[in-house]
Amino acid sequence: MRKRITELYDNGDIRKNQIETFGRDLESLREADVDGVEHVISEDIVTNGEAGNVEGAMYEFRVANERVDNLNNIDEIGREIDTVDYGDLTDDQIDQLIKETQFPDADTRAAKERIIKDAVSPDPDGTPKTMEVDVLKKNGDYVEAKAKDRISWTDIRSKTIRYKGHYLILDDLSWRSSVECLVRSFVVVVVSESS
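Being a predicted model, the structure only gives us computed values, none of them experimental.

(A) A look at the pattern of salt bridges. Overall, the coordinates contain 11 salt bridges when judged by the stated rule. Residue R62 is joined to D25 by a salt bridge in which the shortest nitrogen-to-oxygen separation is 2.6 Å. One end of the pair, R62, is in helix 4 (residues 51-67); the other, D25, is in helix 2 (residues 16-31), and 37 residues separate them in sequence. If you follow the salt bridges from partner to partner, you end up with D25, R62 and E66 in one network.

Structure (structure tokens):
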């Protein structure tokens, strides 16, 4: 990890203050014994150590420290969740996703179903989609960390559909919690509020 961060610093990809903040955030999360810290380091910094991935990991750690009142309320960071297949969703579950998701770009049921299907169906090569939940709180809420220049409404909506679909299949109503997308300078509430 240190080697990769040093390389990125030497290349001018990350700044000294980012490294210092990351060090403090990492120490806090480790002291609170938050699950997933080492997984995020391994996946996003060591294995996939491109500048964007490293900055993303640093930002996830920052968000966890900055946006959660008590680190003991964090269940896990960087949790990988398998995406459900559209064919596994019942009509009632699809109705629920349509009801609880915003579709400003779709005005027919068929268009909304197509968006849901695209969000959860495997990639064209047949690879099932997975998603990473950046910060999962013990109460079922999750916080999505996105850099301002890397955010898109459709990406967040697709991720939300995958998250909700996963929990609908498990018949776990904790997915009804709010989903927030944090951007470096402001917060955007992306999905439905608690029912």
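There is more to say, and it comes next.
(B) Representation of the packing of helix 2 against helix 4 within the structure. Running from N to C, helix 2 and helix 4 cross one another at 55°; their axes reach a closest spacing of 9 Å. Taken together, the axes of helix 2 and helix 4 are oblique relative to one another. The crossing of helix 2 and helix 4 is left-handed. Residues Q18, I19, T21, F22, D25, L26, S28 and L29 of helix 2 form the contact with helix 4, whose own contacting residues are E55, M58, F61, R62, A64 and N65. Looking at the contact of helix 2 with helix 4 residue by residue, the class counts come to seven nonpolar, four polar and three charged.

(C) Structural context of the packing of helix 5 (residues 91-100) against helix 7 (residues 153-169). Relative orientation of the contacting elements helix 5 and helix 7 amounts to 145°, with a least axis distance of 11 Å. Note on packing geometry: the crossing formed by helix 5 with helix 7 is right-handed. Residue-level contacts link Q93, Q96, L97 and E100 of helix 5 to I161, K164, G165, L168 and I169 of helix 7. Looking at the contact of helix 5 with helix 7 residue by residue, the class counts come to four nonpolar, three polar and two charged.

(D) Structural detail: the nonpolar core. Among the nonpolar cores identified, the biggest contains 25 residues, and L29, V37, F61, I74, I77 and V135 are the most heavily contacted of them. Among the secondary structure elements, those contributing two or more residues to this core are helix 1 (2-10), helix 2, helix 3 (37-47), helix 4, strand 1 (74-82) and strand 3 (142-145). If you tally residues by element for this core, the top one is helix 4, at seven residues.

(E) Examining the pairing of strand 2 (residues 130-137) more closely. Counting buried residues in strand 2 gives six out of eight residues, a clear majority hidden from the surface. Where strand 1 meets strand 2, seven bridges bridge the pair, whose relative direction is antiparallel. Within the sheet, the bridge partner assigned to R79 lies in strand 2 and is V133. As defined by bridge partners, strand 2 adjoins strand 3 across two bridges and the pair is classed as antiparallel. Of the residues in strand 3, the one forming a bridge with V135 is V143. What sits between the antiparallel neighbours strand 2 and strand 3 is a turn of four residues, in which G140 has the positive phi angle 95°.

What counts and how
- Residues numbered from 1 in each chain as written.
- Predicted model: local features only at pLDDT ≥ 70, side-chain atom pairs only at ≥ 80, totals over all residues.
- Heavy atoms only, no water.
- Salt bridge = Lys/Arg side-chain N within 4 Å of Asp/Glu carboxyl O.
- Helix = DSSP H or I, 4+ residues; strand = E, 2+ residues; numbered from the N terminus.
- Axes fitted to C-alpha atoms, helices over the stretch in contact; angles between N-to-C directions.
- Parallel < 35°, antiparallel > 145°, perpendicular 65-115°, else oblique.
- Left-handed = near helix turned anticlockwise from the far one by under 90°.
- Contact = heavy atoms within 4.5 Å.
- Nonpolar A, V, L, I, M, F, W, Y, C, P; charged D, E, K, R; others polar.
- Core = buried A, V, L, I, M, F, W, Y, C linked by side-chain atoms within 4.5 Å.
- Buried < 20%, exposed > 50% of the residue type's maximum accessible area, 1.4 Å probe, protein only.
- Pairing = 2+ DSSP bridges.

Scope: geometric values only; no functional claims are made or implied.
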